[in-house]
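Close look at the chain arrangement
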Amino acid sequence: MKKSRSERLIFRIAMSFVLCVCLAAAMLFYSYTLKNELFEDSISKLSEISDQNVEILKTKIQAQADAMAEVAARIAVPTDWDIPYTTYTLNKVMERYTFKSMGIVMPDGSAYLTNGAQLMITGDSFEFMKPVFDGEVAISNRQEGLDGEMIITMMVPIIKKGEVIAVLMATSSTKDLQGILDVSFFNGQGYSFIVRSDGRIITSSEFPTSFKNIDNIFTAINDASPANAEECNKMKYDMQFHEDGYIRYSNNADYYMSYSEIGINDWYLLSVIPATVIDSTRSGIMLSTYILCAVISAVFILLMIYFTRQEKKKRRELQEILYVDPVTKGYSYQRFCKETKERLEKDSRDAAVVVLDIEKFKVINELFGYDDGDRVLRYIWELIKGWVRPDEIYSRWNADKFSLLVFYENIQELAERLNSLADIIQNDSLDKRKGFVIRPTIGVYRITDREVDVQSMQNYASIARSSIKGNVSEVCIAYYDDSYKDIILENKSIEDKMVTALKNNEFIVYYQPKYDAVTQELSGAEALIRWREADGTITPPYRFIPIAEKNGFVLKLDKYVFKKVCEDQKRWLDEGKRVVPISVNLSRQHLHNPSFIEDYKRVVEAKGVPVDLVELEITESAMFENKDEFTAIIDRLHKIGFKILMDDFGTGYSSLMMLKSIPIDVMKLDKSFVDDFNDEKGEKIISCVTQLAKSMNIEVIAEGVETEEQYQFMKKLGCDNIQGFYFAKPMPVEDFNKLL
Ligand code: C2E
Ligand code: MG
Ligand code: MG
């Protein structure tokens, strides 16, 4: 089913909308994924840095443990366990390491420090040392040192002969430990510190935005903002279960904090960066993404607008092609049909469809060229334009045919108007210099049935017009009535009957003698076809030749006549009769089928007739259909030996100059010329034509000579031969036989 224009528009808008939505969704999805990925990327970078810090921390602590183990081994070497000597040695070692103080702890808890102090270690602190006495290495959590500074203590066993005899301990300030972590990351915006899994601080950072003087990170975060509670709980929970992770909390500004388990005691390394570090790169990239999306959308929309415009333009151009006639720039035939249909629906006045054709327009094209032809068409169109009333419609239908829709009061008025149109066209000849009269033929269909489609109305008008086409009389307007229907039917029946008629030998050949103008002796004849039906009715050629020309059957008829003439000539030759050349008519259709030349040649040869006894008549107007083709055909016929007669000279538009370029042998002056005999101007023309023809060795025959006066006149002007009722009418073969 075809969609209407508005349906198409709605469909297109809907499609564009869906496309836009899809595009927007795709871009949103993309930006959402990108946003997440950027975030994940930043966070994983943060935890990577944390992990690195953990490694650094562990390596440093391990190095310290190794160094202490070495010291412990050295201390254990002397056989006598000498405390003063040991502390002396430790003092030396301390110079090399950044320990705050060192000391040894005996299994009973008595401790000897490098600063000379002696003390008893008891309680939790001593409990903490228990694993060391079992041979392990340990680090204490944060404690307050004797000088009030926060410290941690590292402990290694002193082993002698496989037995732990004491514990070597070294304290260092938490600041030193923190110092290991104070490497800047994220462009100096991030910092790290160490806490225990229950949030208690081991080291604290001096970073400007860090929490200062706190004991527990959970408490600090919770205190910073009640909104942090959920995130804080998550971290607490994770740490309890030895999980790593990150949270976002706010403390005046927003921060991301990642936590990684260190693997020493229950310590966690916390790394913090301001949320803006992640958010700003993210929003920077997001901004460019949004801009990109906006640009893509804009380009998409612009492209859509561009394509829609292009399509509109194309449609307009197409409409122009469809609705504008390229020659006149007026309405095209399609437009005419459309407008006429609409006008007839609105306007109930009596109306008629008129078809106007230019007689022999082809000749104009041939003689003056197609540009001039178009100029003439435009000129006629202008004339019509000046003639029509404002509410009437007109267009060029095709080639040299124009269609009009006219309104009328009564038939009389319509006839007068159309006559005036014919007069205008005929009298306002485009180029009087060329002596050219444009003769219109007009067919009219008075619209009796408005239900009929416009094309059919035009066909009716055309049928009426074709009844006068080629008719040289003054009548140039024909009105369609129902009798045309009878003609159409009759034509159809003729067409149907023709084929069987040929088989049944219903076509017969009549001969019309030609006489020498001076001696009045028989000089030749023309073969003319007749159709004699079984019941004896004879149909003249003008009834069936045009029909046969339309369907091509004329080719068969002409060949049939040609054969018959050859046979008759042969018979008369055999009978020893005085034979004269006989001309046969060649339809213009032959010019489109040059293969007939070989055919005719074969017939002449087969029948054994000298080729100069059969001559060929071609009508003048046929020569203009294609002059070059025509000349080529004549040349080939001449080569075989056929004489060529130009039939009906004077009815077409051949100028005398044209005679020079077309190689004919005989010119047959048309009856209309002969009828002009008592007109002074006519006389001049005939004498001029005959003289010119003679000067070019072209024989002249006058056709249609009916009276003594005409005969005398033609003879006087120098015609060589006469054909006409004055001497003889076309006659059956038996009668002609007697003349020979
Ligand atoms: P055409 O070839 O010009 O033939 C001459 C026509 O003029 C013939 O009409 C002839 O009867 C008629 N005519 C001759 N003398 C006079 C006269 O003194 N007064 C009047 N009023 N008429 C005269 P016809 O036989 O009716 O043929 C008409 C046309 O039909 C021919 O014109 C020719 O064009 C065509 N035609 C006839 N036979 C054939 C044919 O075998 N093949 C083809 N293609 N066309 C043919
Ligand atoms: Mg003829
Ligand atoms: Mg003729």
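The paragraphs below set out a description of the structure included in this document.

The rules behind the values
Residues numbered from 1 in each chain as written. Chains lettered and ligands numbered in written order. Predicted model: local features only at pLDDT ≥ 70, side-chain atom pairs only at ≥ 80, totals over all residues. Heavy atoms only, no water. Donors = N, O, S within 2.8 Å, 3.2 Å for Na, K, Ca; no water. Buried < 20%, exposed > 50% of the residue type's maximum accessible area, 1.4 Å probe, protein only. Salt bridge = Lys/Arg side-chain N within 4 Å of Asp/Glu carboxyl O. Helix = DSSP H or I, 4+ residues; strand = E, 2+ residues; numbered from the N terminus. Near = heavy atom within 4 Å. Polar contact = N/O pair within 3.5 Å; in protein donor to acceptor, adjacent residues only side chain to side chain. Areas by Shrake-Rupley, 256 points an atom, 1.4 Å probe, with all protein chains shown as cover. Phe/Tyr/Trp six-rings, centres within 6.5 Å; stacked < 30°, edge-to-face > 60°. Lys NZ or Arg CZ within 6 Å of the ring centre and 35° of its normal. Patch = residues over 30% accessible without salt bridge, like charges linked within 9 Å, V, L, I, M, F, W, Y side chains within 5 Å. Lys, Arg positive; Asp, Glu negative; His and termini not counted. Charge placed at Lys NZ, Arg CZ, Asp CG, Glu CD. Core = buried A, V, L, I, M, F, W, Y, C linked by side-chain atoms within 4.5 Å. Contact = heavy atoms within 4.5 Å. Pairing = 2+ DSSP bridges. Axes fitted to C-alpha atoms, helices over the stretch in contact; angles between N-to-C directions.

1. Looking at the coordination of the magnesium ion (ligand 3)
- D647 (OD), D648 (OD), E703 (OE) and E703 (OE) make up the full set of protein donors to the magnesium ion (ligand 3), lying at 2.2 to 2.4 Å.
- Read from N- to C-terminus, the donor residues coordinating the magnesium ion (ligand 3) fall into the pattern D-D-x54-E.
- Between the magnesium ion (ligand 3) and the magnesium ion (ligand 2), a separation of 4.0 Å is found, and both are coordinated by D647.
- For D648, a relative accessible area of 21% gives the class partly exposed.

2. Topic: the pattern of salt bridges
- According to the stated counting rule, one finds 39 salt bridges in the structure shown.
- Residue D325 is joined to R396 by a salt bridge in which the shortest nitrogen-to-oxygen separation is 3.0 Å. Pair noted here: D325 is in the loop between α7 (275–323) and α8 (333–346) and R396 is in strand β13 (residues 393–398), with a separation of 71 residues, a long-range link.
- Judged by relative accessible area, D325 falls into the buried class, the value being 4%.
- What makes R396 buried here is its relative accessible area of 12%.
- Connected through shared salt-bridge partners, K514, E526, E617, K668 and E703 make up one network.

3. Here we look at the site of ligand 1
- Within the structure, ligand 1 sits among 22 residues, and R530, D558, D647, E706 and F725 are positioned closest to it.
- D558 places a side-chain nitrogen or oxygen 2.7 Å from a nitrogen atom of ligand 1.
- A distance of 3.1 Å separates an oxygen atom of ligand 1 from a polar atom in the side chain of E703.
- With the chains in place, 79% of the 790 Å² that ligand 1 exposes on its own is no longer accessible.
- Mapped onto the shell around ligand 1, the elements with two or more residues apiece are β18 (522–532), α14 (541–551), α15 (554–574) and β22 (643–649).

4. Focus on the packing of aromatic side chains
- Scanning the entire structure with this criterion turns up 31 aromatic pairs.
- Among the aromatic side chains, those forming a connected cluster through ring pairs are Y445, Y460, Y480 and Y484.
- Stacked on the ring of F407, the Lys or Arg R349 has its end atom at 4.3 Å from the ring centre.
- Positioned above the aromatic ring of F725, the side-chain terminus of K729 is 4.9 Å from the ring centre.

5. A closer look at the environment of S695
- Along the chain, S695 turns up in helix α20 (residues 680–695).
- With a relative accessible area of 57%, S695 lands in the exposed category.

6. What about a positive patch on the surface?
- Together, R309, K312, K313 and R316 make up a region of like positive charge exposed at the surface.
- Checked against the element boundaries, K313 lands in helix α7.
- For K313, a relative accessible area of 40% gives the class partly exposed.

7. Structural notes on the coordination of the magnesium ion (ligand 2)
- Protein coordination at the magnesium ion (ligand 2): the donors are E526 (OE), N585 (OD1), E617 (OE) and D647 (OD), at 2.0 to 2.2 Å from the metal.
- In primary-sequence terms, the residues that donate to the magnesium ion (ligand 2) follow E-x58-N-x31-E-x29-D.

8. Considering the nonpolar core
- By size, the foremost hydrophobic cluster in this structure holds 77 residues, and its most contacted members are F507, Y511, F562 and M667.
- Broken down by element, this core gets its largest block of residues, eight residues, from α15.
- With residues near it in sequence (within four places) discarded, F507 still touches M498, A501, L502, I529, R530, W531, F544, L557 and Y560.
- One finds A65, I139, M154 and A170 within the second-largest nonpolar core, a separate group that totals 35 residues.

9. So, the sheet that holds β13
- In space, the five strands of this open sheet follow the order β13-β14-β12-β15-β16, with mixed pairing throughout. Both edges of this open sheet fall to β13 and β16 (477–479), since each of them pairs with a single strand only. Averaged over all neighbouring strand pairs, the angle between strand axes comes to 20°, with direction disregarded.
- Bridging between β13 and strand β14 (residues 401–407) involves five bridges; their strand directions are antiparallel. Bridging across to β14, I393 finds its partner in L405.
- Contacting β12 (351–358), β14, β15 (440–446) and β16, helix α11 (residues 411–427) runs over the sheet at an angle of about 160° to β15.
- Helix α12 (residues 454–466) rests against β12, β13, β14, β15 and β16 of the sheet, and its axis sits at about 135° to β15.

10. Some remarks on the pairing of strand β17 (residues 507–516)
- Most of β17 is tucked away: nine of the ten residues are buried.
- In terms of strand pairing, β17 meets β18 through nine bridges, oriented antiparallel. Bridge pairing in β18 links Y515 to L522.
- As consecutive antiparallel partners, β17 and β18 are separated by five residues, and within that stretch Q520 has a phi angle of approximately 60°, a positive value.
- Strand direction decides the pairing type here: β17 and strand β26 (residues 731–732), joined by two bridges, are antiparallel. Considered in β26, the bridge of Y511 is made with M731.
- Where β17 lies against strand β25 (residues 721–723), two bridges are found, and the strand directions are antiparallel. Its bridge partner lying in β25, Y515 is registered against I722.

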